Amino acid sequence: MMTTGFYEIEFEAILFLEKCGGGTFGSVYRAIWKTFEMEVAVKKLLVLDKEVGLSMKFIKISTTSSIA
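Engineer: Quick one: what's the story with unusual backbone geometry, residue by residue and with numbers?
Structural biologist: Trans is the common state for peptide bonds, and a negative phi is the common state for residues other than glycine. Positive phi, close to 50°, is recorded for E37, a residue that is not glycine. Positionally, E37 belongs in the loop between β2 (26-33) and β3 (38-49).

Written out as structure tokens, the structure reads:
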């Protein structure tokens, strides 16, 4: 079984279901990690890059069984 932690995954591996919350630095989504057919919480952080501008990056996936 996988534990909560940091995983680098492809954007296409996630099926977003709904936004659960957000704040200054990003948003949290309820999603399905297609590779493992597992319900997860995905935190997307806003990253400000002087060269590129504003972009979204995934940084954390929670694999707990109950996602509010």
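Engineer: Mind laying out the packing of aromatic side chains, listing which residues take part and the relevant values?
Structural biologist: As enumerated under the stated definition, the model contains 3 aromatic pairs in all. Arranged with centres 5.2 Å apart and planes meeting at 75°, the rings of F16 and Y29 form a pair that is edge-to-face. Of this pair, F16 sits in strand β1 (residues 14-23) while Y29 sits in strand β2, and the two are 13 residues apart along the sequence. Given a relative accessible area of 25%, F16 falls into the partly exposed group. Here Y29 falls in the buried class, since its relative accessible area comes to 17%. Relative to F36, the ring of W33 lies with its centre 4.9 Å away and its plane at 80°, an arrangement referred to as edge-to-face. Here F36 falls in the partly exposed class, since its relative accessible area comes to 44%. Feature note: the residues F11, F16 and Y29 constitute an aromatic cluster, connected by ring pairs. It is K44 that lies over the ring of F16; its NZ or CZ is 4.9 Å from the centre.

Analysis parameters
Residues numbered from 1 in each chain as written. Predicted model: local features only at pLDDT ≥ 70, side-chain atom pairs only at ≥ 80, totals over all residues. Heavy atoms only, no water. Helix = DSSP H or I, 4+ residues; strand = E, 2+ residues; numbered from the N terminus. Phe/Tyr/Trp six-rings, centres within 6.5 Å; stacked < 30°, edge-to-face > 60°. Buried < 20%, exposed > 50% of the residue type's maximum accessible area, 1.4 Å probe, protein only. Lys NZ or Arg CZ within 6 Å of the ring centre and 35° of its normal.

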